[in-house]
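What the coordinates show
The lines below spell out each chain.
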Amino acid sequence: MWLFLIFVAVPIIEIVLFIEIGSFLGLFPTLLIVIITAALGTYLVRSQALSTLKNIKRQLDELRNPTKYFADGAMILFSGALLLTPGFFTDAIGFLLLTPWFRSLVFKYLKQRWVLISKTTRSQEIYKKNNYRKSSRNPTIIEGEYQEVTRTTPADKDR
């Protein structure tokens, strides 16, 4: 439901801002601002994306966790899409996402909201949810294919 509201609210906000700013500045200055923000946004997205890729490479070379930089890269990519979309509201959010302090706030918020669950933990939750009975045997089941192989010795080859 909230996604529907975003898809309805954002265009309405953009239309209102275009009308208000266009009536205040005029048509051509308003269009010039939109074009300049798209060009400036493209330049900033490119430079920050290259910097983030270097940071990811450095983290991987040092065998450290690059999660924050992957999140930064995703937010920079999203900000690029917002900056290329004509409008003042989307440009404001796009420029905010290009600032490292704002990305850190978003990353901290998302990190608190999302919990990574390992396969073991997830399977234990499903196990409890479905009320499976514990058996005395090992509950781990490994599925696979096999093929019988007979061992031949050099003496067998002579026969």
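Since the structure is predicted, the reported quantities are computational estimates derived from the model, not experimental observations.

Bringing the packing of aromatic side chains into the picture now. In total, this model carries two aromatic pairs according to the counting rule given. Summarising the aromatic geometry, the rings of Trp101 and Phe102 are spaced 5.9 Å apart at their centres and angled 85 degrees between planes, so their arrangement reads as edge-to-face. Looking at Trp101, the relative accessible area reads 52%, which means it is exposed. The lysine or arginine in question, Lys68, covers the ring of Tyr69, its NZ or CZ lying 5.7 Å from the ring centre.

The next subject is the pattern of salt bridges. Under the counting rule described, the total for this entry stands at four salt bridges. Residues Asp72 and Lys68 are paired through a salt bridge, measuring 3.2 Å at the closest nitrogen-oxygen approach. Residue Asp72 and its partner Lys68 are located together in helix H3 (residues 67-84), separated by four residues, close to a single helical turn. Its relative accessible area of 5% is what places Asp72 among the buried residues. Classification of Lys68 as partly exposed rests on a relative accessible area of 33%.

Each value, and the rule that gives it
Residues numbered from 1 in each chain as written. Predicted model: local features only at pLDDT ≥ 70, side-chain atom pairs only at ≥ 80, totals over all residues. Heavy atoms only, no water. Phe/Tyr/Trp six-rings, centres within 6.5 Å; stacked < 30°, edge-to-face > 60°. Buried < 20%, exposed > 50% of the residue type's maximum accessible area, 1.4 Å probe, protein only. Lys NZ or Arg CZ within 6 Å of the ring centre and 35° of its normal. Salt bridge = Lys/Arg side-chain N within 4 Å of Asp/Glu carboxyl O. Helix = DSSP H or I, 4+ residues; strand = E, 2+ residues; numbered from the N terminus.

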